[in-house]
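For reference, the chains in residue letters:
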Amino acid sequence: MTTTANAATSDGDQASTAQPAIDIPGFVTVIDHDRPLGKLALITADLLTADAVGLPAPQSLEIWGHSQEIELGFRGTPDTFAALAAWAENFGATLTAQRTEHNGQPYVRCRATFIYHGATVKIRAYIEAATAAS
């Protein structure tokens, strides 16, 4: 069993208090919040070039080092529902949608979230109503 020690006493002396460490099984994904942004960028590149082969490409990408998040944005057209569904199915996520409006224009906020190599990946699109050809 692994232990940690060296808690300080009230008079400043070091007392050895052994506390058991927690062994995390290999099947649990550990999220490393100390991972540098460059490493997160490499994980993002791996996501897009290795595990998302054949999936529709996102239109935008944001990487957040502090929260260890990768956000992929997709086009705001009705055919994007199928694109996001393909991503969600590939990574075992649930695709959700919420109807709303902005400046009187209806749209649907569609998104899914999954974990990839310890980073939270969010895919999203703001899908507007199809406009008729003029």
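Residues numbered from 1 in each chain as written. Predicted model: local features only at pLDDT ≥ 70, side-chain atom pairs only at ≥ 80, totals over all residues. Heavy atoms only, no water.

A.B. asks: So what about the pairing of strand E8 (residues 105-116)? Which residues, and what values?
C.D. replies: Where strand E7 (residues 96-102) lies against E8, seven bridges are found, and the strand directions are antiparallel. Its bridge partner lying in E8, His102 is registered against Gln105. Connecting E7 to the next strand, E8, in antiparallel fashion are two residues, including Asn103 with a positive phi near 55°. Across ten bridges, E8 lies against strand E9 (residues 119-128) in antiparallel orientation. Bridging across to E9, Ala112 finds its partner in Ile123. (Pairing = 2+ DSSP bridges. Helix = DSSP H or I, 4+ residues; strand = E, 2+ residues; numbered from the N terminus.)

A.B. asks: Residues and numbers for helix H1 (residues 37-51), please.
C.D. replies: If you check H1, its first and last C-alpha atoms are 20 Å apart, about what 15 residues at 1.5 Å a residue would give, namely 21 Å. Every buried residue of H1 is accounted for by Leu40, Ile43, Thr44 and Leu47. Buried positions in H1, seen along its axis, are confined to an arc of 100° and lie on one side of it. Exposed side of H1, more than 90 degrees from the buried face: Leu42 and Thr49 are the residues found there. In the core, the buried residues of H1 are packed alongside strand E5 (60-64), strand E6 (69-73), helix H2 (80-91), E8 and E9. (Expected span 1.5 Å × (residues − 1). Buried < 20%, exposed > 50% of the residue type's maximum accessible area, 1.4 Å probe, protein only. Arc of directions from axis to C-beta. Contact = heavy atoms within 4.5 Å.)

A.B. asks: Account for the environment of Phe74, naming residues and giving values.
C.D. replies: Turning to its location among the elements, Phe74 is positioned in the loop between E6 and H2. A residue is classified by how much of its surface remains accessible, and Phe74, at 8% relative accessible area, is buried. Here Phe74 is in contact with Pro56, Ala57, Pro58, Gln59, Thr80, Leu84, Trp87, Ile123, Arg124 and Ala125, once residues within four sequence places are set aside.

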